[in-house]
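Read off the chains here:
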Amino acid sequence: MAVSTRLSSQDRRSAILSAAIRLFSERGFRGVTTRELAAALGVSEPVLYQHFPSKKDLYTAIIEESKDDHYLEALEGLSRKAAGSDDEDFFTHLAHAMIRWHELKPELIRLKLFSNLEGHELMEEFHDKQARPFIEIISGYIERRVLEGAFQNVPPLGAALAFCGMIGHYCQSTILFRSSVCQSVGRQEMVNLSVQLFLNGIRKT
């Protein structure tokens, strides 16, 4: 992917970020040199350094880039659902949003997996900046429903992670790893089953 010299500075920066995400998701952060990245873009290393003085600066920019319009729309949509008290609706919406995110951002998710395996210095920041806002909404919803007497006295954060773990595993298995075993379970079936099992486990009877 060659970057035209006639691109604006902002467009060139965006092209560099897109290429970096693709390459890092394929080979890991440590597996790609700035020379290889520049070559993939059809620019020189000095041009690359004009936008990102170091690989760390590039990685930091990727973290910020991940919070794009799709991310903000998903966050806003979940916040709206959390204002209500329809438990099936809230968790069904959450499950579909997680699946949609994996479909839209497979390269970004692979990059996160590589970062964790490599023990990258910014991996915690990457995860926190992306996941924390969503986890806070989910655990906040569960905490409110506990106080309202709808749910058992469960730890809100643990319950939030438990639900996300079910859907997250399904997403990674079917979308990233393309497991034939997991793909035999339909998406809607998996969403309905996960919501049912989760709510049956935490609701007061």
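Above this text is the structure in question.
Residues numbered from 1 in each chain as written. Predicted model: local features only at pLDDT ≥ 70, side-chain atom pairs only at ≥ 80, totals over all residues. Heavy atoms only, no water.

Caption draft 1: Focus on the overall build of the protein chain. Tallying secondary structure elements over the protein chain gives 11 helices and zero strands in all. Reading the protein chain from its N end, one meets helices and strands in the order α-α-α-α-α-α-α-α-α-α-α. Along the first, second and third principal axes, the C-alpha set of the protein chain runs to 65 × 35 × 30 Å. Every one of the 205 residues in the protein chain was classed for burial, and the buried ones make up 43%. Residue pairs at least 24 apart in sequence account for 71% of intrachain contacts in the protein chain once pairs closer than 6 positions are excluded. Positive and negative side-chain charges in the protein chain, numbering 24 and 26 respectively, have mean positions lying 3 Å apart. (Helix = DSSP H or I, 4+ residues; strand = E, 2+ residues; numbered from the N terminus. Buried < 20%, exposed > 50% of the residue type's maximum accessible area, 1.4 Å probe, protein only. Contact = heavy atoms within 4.5 Å. Lys, Arg positive; Asp, Glu negative; His and termini not counted. Charge placed at Lys NZ, Arg CZ, Asp CG, Glu CD.)

Caption draft 2: Summary view of the pattern of salt bridges. Counted according to the given criterion, the structure contains 12 salt bridges. The shortest N-O distance in the salt bridge between Lys105 and Asp68 comes to 2.4 Å. Taken together, the residues span a long stretch of sequence, with Lys105 in the loop between helix H6 (87-104) and helix H7 (106-118) and Asp68 in the loop between helix H4 (55-65) and helix H5 (69-82) at a distance of 37 residues. A relative accessible area of 17% means that Lys105 is categorised as buried. Taking the shortest distance from any N to any O, the salt bridge between Glu148 and Arg145 comes out at 2.8 Å. A residue is classified by how much of its surface remains accessible, and Glu148, at 44% relative accessible area, is partly exposed. Ionic contacts of the salt-bridge type, sharing partners, join the residues Asp87, Glu88, Arg144, Arg145, Glu148 and Arg203 into one network. (Salt bridge = Lys/Arg side-chain N within 4 Å of Asp/Glu carboxyl O.)

Caption draft 3: Geometry of unusual backbone geometry. Backbone geometry places Arg178, a non-glycine residue, at a positive phi of 50 degrees. The residue Arg178 is located in the loop between helix H9 (156-176) and helix H10 (180-183) in this model.

Caption draft 4: Spotlight on helix H11 (residues 187-202). In this model H11 runs 23 Å from its N-terminal to its C-terminal C-alpha over 16 residues, within 8% of the 22 Å that 1.5 Å per residue would give. Among the residues of H11, Met190, Val191, Ser194, Val195, Phe198, Leu199 and Ile202 are the ones counted as buried. Angularly, the buried residues of H11 cover 145 degrees about the axis, an arc narrow enough to put them on a single face. Opposite the buried face of H11, at more than 90 degrees from it, the exposed residues are Leu197 and Asn200. Tucked into the core, H11 has its buried residues touching H6, helix H8 (123-147) and H9. (Expected span 1.5 Å × (residues − 1). Arc of directions from axis to C-beta.)

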